[in-house]
Amino acid sequence: MTLYGKAGHWGWVEDIVIRWPEGVIDGFGVRTAISRFYIPAEPEVVSVTLMEIQLRRRSYALKRPRSWWKTLHAQKLVMNRPVWRDNGDLVGRIKDLIIDENSLAVHQIVISRGLLEDLLHGALLVPTHEIREDADGKIKIFSNRAI
């Protein structure tokens, strides 16, 4: 996903900061060619479309020190991050998010189970209320349904 402002494209979304267990986006970690910024997910700051995040004013992009980024590990949702079952089996990797563009609530997480499995059966859609991060920092699916 790219970041777009009045002057055009100027960065790309690297991290999405999510408030767990509610599954609501708190902000976006954005990288430009030379810097890294945090953009709060507030309606007066950004609007989200299918392909981009539109920043209303560049001044809303906040610089944060490296130590601040390290403290967000438990809240960051990084694409291609592994997802596990509650019993410890690997399910797949985060491929995409399905969000409500108005409220910025994450409704489902798309999990890829591998190229062949995705072609034969499709990617796995998991509601956010079934996903949690454990004490070790692993994203796990807590569900009674078959995966």
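Considerations on the overall build of the chain
When helices and strands are counted, the chain shows 2 helices and 14 strands. Classification of the 147 residues of the chain by burial places 42% in the buried group. For the chain, long-range pairs separated by at least 24 residues make up 36% of all intrachain contacts whose partners lie at least 6 apart in sequence. When the accessible surface of the chain is summed, it comes to about 8700 Å², and 54% of that surface belongs to carbon and sulfur atoms.

Remarks on the environment of T32
Note that T32 resides in the loop between β3 (24-31) and β4 (36-40). Exposure remark for T32: the relative accessible area of 9% places this residue in the buried category. Along the chain, T32 and G11 lie 21 residues apart, while their C-alpha atoms are 4.4 Å from each other. Not counting the four nearest positions on each side in its chain, T32 is found in contact with W10, G11, W12 and F37.

Observations concerning the packing of aromatic side chains
Using the criterion set out here, one finds 1 aromatic pair in the structure. Centre to centre, the rings of Y38 and W68 are 5.0 Å apart; their planes meet at 65 degrees, and the pair counts as edge-to-face. Linking Y38 in strand β4 with W68 in helix α1 (residues 66-71), this pair joins segments that are 30 residues apart in sequence. Of the residues examined, W68 reaches a relative accessible area of 25% and is grouped as partly exposed. Positioned above the aromatic ring of W68, the side-chain terminus of R64 is 4.8 Å from the ring centre.

Parameters and conventions
- Residues numbered from 1 in each chain as written.
- Predicted model: local features only at pLDDT ≥ 70, side-chain atom pairs only at ≥ 80, totals over all residues.
- Heavy atoms only, no water.
- Helix = DSSP H or I, 4+ residues; strand = E, 2+ residues; numbered from the N terminus.
- Buried < 20%, exposed > 50% of the residue type's maximum accessible area, 1.4 Å probe, protein only.
- Contact = heavy atoms within 4.5 Å.
- Areas by Shrake-Rupley, 256 points an atom, 1.4 Å probe, with all protein chains shown as cover.
- Phe/Tyr/Trp six-rings, centres within 6.5 Å; stacked < 30°, edge-to-face > 60°.
- Lys NZ or Arg CZ within 6 Å of the ring centre and 35° of its normal.

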